[in-house]
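Geometric and topological summary
Chain by chain, the residues run as shown.
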Amino acid sequence: MKIAVTYEMGRYFSISGHTEQFKVYDVEAGKITGRPSCRYQWAGHGALAGFLANGDIDVLICGGIGGGARNALAEAGIKLFPGAQGDADAQVE
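Residues numbered from 1 in each chain as written. Predicted model: local features only at pLDDT ≥ 70, side-chain atom pairs only at ≥ 80, totals over all residues. Heavy atoms only, no water.

Concerning the packing of aromatic side chains
Formally: Note on ring pairs: Phe, Tyr and Trp rings are taken, using the six-membered ring of Trp, and paired if centres are within 6.5 Å. Classes follow the plane angle, with under 30 degrees stacked, over 60 edge-to-face and the rest tilted. Here a helix means four or more residues in a row that DSSP labels H or I, a strand means two or more in a row labelled E, and each is numbered from the N terminus. Between buried and exposed lies partly exposed: a residue is buried under 20% and exposed over 50% of the maximum accessible area for its type, with that area taken using a 1.4 Å probe on protein chains only.
Scanning the entire structure with this criterion turns up 1 aromatic pair. Between phenylalanine 22 and phenylalanine 51, the aromatic rings sit 5.8 Å apart at their centres with planes inclined by 35°, giving tilted as the arrangement. Of this pair, phenylalanine 22 sits in strand β3 (residues 21–28) while phenylalanine 51 sits in helix α1 (residues 45–54), and the two are 29 residues apart along the sequence. With a relative accessible area of 0%, phenylalanine 22 lands in the buried category.

If you want it as structure tokens, here you go:
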């Protein structure tokens, strides 16, 4: 499974549609096996869901997120955990 967290300077970034970076975690058998990050340029709710789906992301953890992005993620089959606060690594664990 792959989990993406909106990310900036070691912490979650609250507005997922405007983040420029995601930290992507590979998780196998309940353990984090990788912590690479990647850049992203915002281009609308559909682009966010497409970007994550093309990266085989199963889960998005973020702070605040709007209705359009929620709908696009649901349509792409990406499970959403909004309302995150604090350290990105801790949110995934």
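Overview of the confidence of the model for the protein
To keep things clear, this is the line we draw: What pLDDT expresses is the predictor's confidence in each residue, scored from 0 to 100.
The pLDDT averaged across the protein works out to 82; a share of 80% of its residues lies at or above 70. At the level of individual helices and strands, the protein shows its lowest average pLDDT in strand β2 (residues 11–12), which scores 62, and its highest in strand β7 (residues 79–81), which scores 94.

Comments concerning the pairing of strand β4 (residues 31–34)
Selection rule: Note on pairing: two strands pair once DSSP finds at least 2 bridges between them.
Across 3 bridges, the pairing between β3 and β4 is antiparallel. Residue pairing across strands places glutamate 28 opposite lysine 31, the latter belonging to β4. Following β3, the chain reverses through 2 residues before pairing antiparallel with β4; alanine 29 in that reversal takes a positive phi of roughly 50°.

Focus on the nonpolar core
Note the threshold: Residues grouped as a nonpolar core are buried Ala, Val, Leu, Ile, Met, Phe, Trp, Tyr and Cys residues, joined through side-chain atoms within 4.5 Å.
Counting residues in hydrophobic clusters, the biggest one holds 15 residues, and the most contacted among them are Ala4, Phe22, Leu48, Leu52, Leu60, Ile65 and Leu73. Sorting the residues of this core by element identifies β3, α1 and α2 (67–75) as the ones contributing at least two each. Counting residues in each nonpolar core, the second largest holds 10 residues, with Tyr7, Ala84, Ala88 and Val92 among its members.

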